[in-house]
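# Coordinate analysis (summary)
Take a look at the letters that make up each chain.
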Amino acid sequence: PEHESKAGHVLLKVEGATIPGKFYGISLSVHEGEIVGIFGLKGAGKSELALAIFGALPLESGRIVINGEETLMRCPLDAIKKGIGFLTEDRKATGLFLDLPIRDNMVAASYDKLISKLGVIDLKTEKETVRKYVTELGIKTPTIIQKVKLLSGGNQQKVLIARWLLRESRVLILDEP
């Protein structure tokens, strides 16, 4: 690299994570600005580890610490609230709402950020935000209300990435990117 950068503080720490039959005693730390790769053969437990960090699979033992605070991940909503985003291995089966428009897929994890003081979705802000990410990520679509199933695979993946960028996730887990 042209210049060196120092890793920031620890955003995510996993200590002794275990799901019997899937993985045992996994520990890792992820610092701000760092990219961490986990790889292994099919069935080695990497996808299950990602799902456990995201709260979609319960750990039998071990702990997850986010920004220095031990966190019990009972469900994905707990992870989302703590700043974790997740791109699933199978975007069509478990990532996208194929029959819904790009707009709805992109904002699915961020409706709380689009609610006005009156408790309704601010449609103007929603539209501007979605258009911003369509432009920034180069999503090829004639309109933000086009069904996401009509996009190419790469553009579908960009919609999912936009979902977590819009959410301002501090940790983004990519399962088989």
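Residues numbered from 1 in each chain as written. Predicted model: local features only at pLDDT ≥ 70, side-chain atom pairs only at ≥ 80, totals over all residues. Heavy atoms only, no water.

Moving on to unusual backbone geometry. Even without glycine at this site, Asn 67 takes up a positive phi of about 50°. Along the chain, Asn 67 turns up in the loop between β3 (61–66) and β4 (69–71). (Helix = DSSP H or I, 4+ residues; strand = E, 2+ residues; numbered from the N terminus.)

Attention shifts here to the sheet that holds β4. Spatial ordering of the open sheet is given by β2-β1-β3-β4, a layout of four strands whose pairing is antiparallel. The sheet is open, and its two borders are formed by β2 (23–31) and β4, each paired with just one other strand. In this sheet, adjacent strand axes meet at a mean angle of 20° when their direction is disregarded. Relative to β3, strand β1 (residues 10–19) runs antiparallel, the two being bridged by five bridges. Following the sheet pairing, Lys 13 is matched in β3 by Val 65. Seen against the sheet, helix α1 (residues 46–53) touches β1, β2 and β3 and runs at an angle of roughly 60° to β2. (Pairing = 2+ DSSP bridges. Axes fitted to C-alpha atoms, helices over the stretch in contact; angles between N-to-C directions. Contact = heavy atoms within 4.5 Å.)

Okay, the confidence of the model for the protein chain next. Low pLDDT means the predicted atomic positions in that stretch should not be read closely. Counting all residues, the mean pLDDT for the protein chain is 93, and 99% of those residues have values of 70 or more. Mean pLDDT in the protein chain bottoms out at helix α5 (residues 111–114), which sits at 87, and peaks at helix α4 (residues 102–107), which reaches 97. (pLDDT = per-residue confidence, 0-100.)

To continue, consider the layout of surface pockets. To find the voids left in a structure, one rolls a probe of water-molecule size over its atoms. Considered as a void within the structure, the largest pocket measures approximately 590 Å³ in volume. Around the largest pocket, the lining is made up of 26 residues, and of these Val 36, Gly 37, Leu 172, Ile 173 and Leu 174 lie nearest the centre. Of all the secondary structure elements, the ones that give two or more residues to the lining of the largest pocket are β1, β2, α1 and β6 (171–174). Looking at the lining of the largest pocket residue by residue, the class counts come to 16 nonpolar, four polar and six charged. Reported here for the second largest pocket is a volume of approximately 170 Å³. As for the second largest pocket, its lining consists of 13 residues, and the residues nearest its centre are Phe 86, Thr 94, Gly 95, Arg 163 and Trp 164. (1 Å grid on protein atoms, 1.4 Å probe; cavity = no way out; pocket = protein on both sides within 12 Å on 5 of 7 lines; lining within 4 Å. Points joined across faces, edges and corners; volume = space filled by probe spheres on them. Nonpolar A, V, L, I, M, F, W, Y, C, P; charged D, E, K, R; others polar.)

In a regular helix each residue adds 1.5 Å, so 15 residues correspond to 21 Å; helix α6 (residues 123–137) covers 21 Å between its end C-alpha atoms and thus fits that length. A distance of 3.2 Å separates the backbone nitrogen of Lys 124 from a side-chain oxygen at the start of α6, and that oxygen is part of Asp 122. Phi turns positive one or two residues past the end of α6, at Gly 138, with a value near 65°. (Expected span 1.5 Å × (residues − 1). Polar contact = N/O pair within 3.5 Å; in protein donor to acceptor, adjacent residues only side chain to side chain.)

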